[in-house]
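For reference, the chains in residue letters:
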Amino acid sequence: MEQSRKIILAVTGASGSRYARLLAAPLINSQKFSEIAVIVTQTGRQVMAYEDTTAWLDSPGLTVYDNRDLFAAPASGSAGYDAMVVIPCSMGTLGRIAAGVSDGLLGRAADVMLKERRPLVLVPRELPLGTIHLRNMTALSEAGATICPACPSFYSRPADIDALCMTVVERVLVHLGVEMPRFEWK
């Protein structure tokens, strides 16, 4: 039997909090993870309340940490988290991660992923992209992060907004090694 893993799901104040909610469900259902740590920035909570009123942070299987708590387990490489996803990832957060600025638990956890050479998937939700954004993304890619922009696809002819958003979530799940039914181009 495959060893259970630990993952961090982080949510920033970028538009697109629905992506995080849609990612949480298959992570919980996959039973691949013994712990799903969730970190939500203060602005992330505000955007969640505005954009997507579906409550999901209290779902069984999630352990929610305060972004101000730098003594929480995700702040340490010895806690053994196997991967981290920042979805959606604001450009401010992306820039701070690229510069190694750990001003909260989210930034510190991302820094740990990079220094420990563990998977870090960033899902930026911004456009247009400025030169500084592109340089920060390049620096993070060179440091080992995966940049997976929230660019939904239309091949599957999604019926609603959640189905459209799932086209991005499915790509993130692939990078995490989570198997689930998804659209495949034939």
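Please read all numbers here as calculations on a predicted model, not as lab measurements.

(A) Summary view of the pairing of strand 5 (residues 120-124). Across the 5 residues that make up strand 5, a large majority, 5, are buried. Neither face of strand 5 is open: one carries Leu120, Leu122 and Pro124, the other Val121 and Val123, and all of them are buried. One ladder, built from 2 bridges, connects strand 5 with strand 6 (residues 146-147); its direction is parallel. Of the residues in strand 6, the one forming a bridge with Val121 is Thr146. In this view, the connection linking strand 5 to its parallel neighbour strand 6 by way of helix 5 (residues 131-142) has right-handed handedness.

(B) Expanded view of unusual backbone geometry. Between Ile87 and Pro88 the backbone carries a cis peptide bond, its omega angle lying at -10°. Relative to the helices and strands, Pro88 resides in strand 4 (residues 83-89). Look at the link from Leu127 to Pro128: it is a cis peptide, with omega at -5°. Structurally, the position occupied by Pro128 is in the loop between strand 5 and helix 5. Positioned with a positive phi, Gln31 is a non-glycine residue whose angle comes to about 55°. Relative to the elements of secondary structure, Gln31 occurs in the loop between helix 1 (17-30) and strand 2 (33-40).

(C) Seen up close, the packing of helix 1 against helix 6 (residues 161-176). Relative orientation of the contacting elements helix 1 and helix 6 amounts to 55°, with a least axis distance of 9 Å. Between helix 1 and helix 6, the crossing angle belongs to the class labelled oblique. For helix 1 against helix 6, the interelement crossing comes out right-handed. Across the interface between the two elements, Arg18, Tyr19, Arg21, Leu22, Leu23, Pro26 and Leu27 from helix 1 touch Ile161, Asp162, Cys165, Met166, Val168, Val169, Val172, Leu173 and Leu176 from helix 6. Of the residues assigned to the contact of helix 1 with helix 6, the class counts are 13 nonpolar, no polar and 3 charged.

(D) Quick look at the sheet that holds strand 6. Sheet architecture is open: 6 strands sit in the order 3-2-1-4-5-6, paired in parallel fashion. Edge positions in the sheet fall to strand 3 (62-66) and strand 6, since each of these pairs with one other strand and no more. As paired elements, strand 1 (residues 5-11) and strand 2 share 7 bridges and run parallel to each other. Bridge pairing in strand 2 links Leu9 to Val38. In this fold helix 3 (residues 91-99) packs onto strand 4 and strand 5, with an angle of close to 145° to the strand it touches most, strand 5.

(E) Summary view of the side chain of Arg21. Along the chain, the position of Arg21 falls in helix 1. If sequence neighbours within four positions are ignored, Arg21 has contacts with Asp52, Thr54, Trp56 and Asp162.

(F) Fine view of the pairing of strand 1. The buried fraction of strand 1 amounts to 6 of the 7 residues, a majority that puts the element mostly inside the structure. Note that the unit made of strand 1, helix 1 and strand 2 has a crossover that is right-handed. Where strand 1 meets strand 4, 4 bridges bridge the pair, whose relative direction is parallel. In the strand pairing of strand 4, Ala10 is matched with Val86.

(G) Main features of the layout of surface pockets. Computed from the structure, the largest pocket encloses a volume of approximately 370 Å³. Listed by contribution, the elements that provide at least two residues to the lining of the largest pocket are helix 2 (42-51), strand 3, helix 3 and helix 4 (105-115). Looking at side-chain class alone, the lining of the largest pocket contains 5 nonpolar, 10 polar and 5 charged residues.

Basis of the calculations
Residues numbered from 1 in each chain as written. Predicted model: local features only at pLDDT ≥ 70, side-chain atom pairs only at ≥ 80, totals over all residues. Heavy atoms only, no water. Buried < 20%, exposed > 50% of the residue type's maximum accessible area, 1.4 Å probe, protein only. Helix = DSSP H or I, 4+ residues; strand = E, 2+ residues; numbered from the N terminus. Pairing = 2+ DSSP bridges. Right-handed = clockwise from strand over helix to strand, strands pointing away. Axes fitted to C-alpha atoms, helices over the stretch in contact; angles between N-to-C directions. Parallel < 35°, antiparallel > 145°, perpendicular 65-115°, else oblique. Left-handed = near helix turned anticlockwise from the far one by under 90°. Contact = heavy atoms within 4.5 Å. Nonpolar A, V, L, I, M, F, W, Y, C, P; charged D, E, K, R; others polar. 1 Å grid on protein atoms, 1.4 Å probe; cavity = no way out; pocket = protein on both sides within 12 Å on 5 of 7 lines; lining within 4 Å. Points joined across faces, edges and corners; volume = space filled by probe spheres on them.

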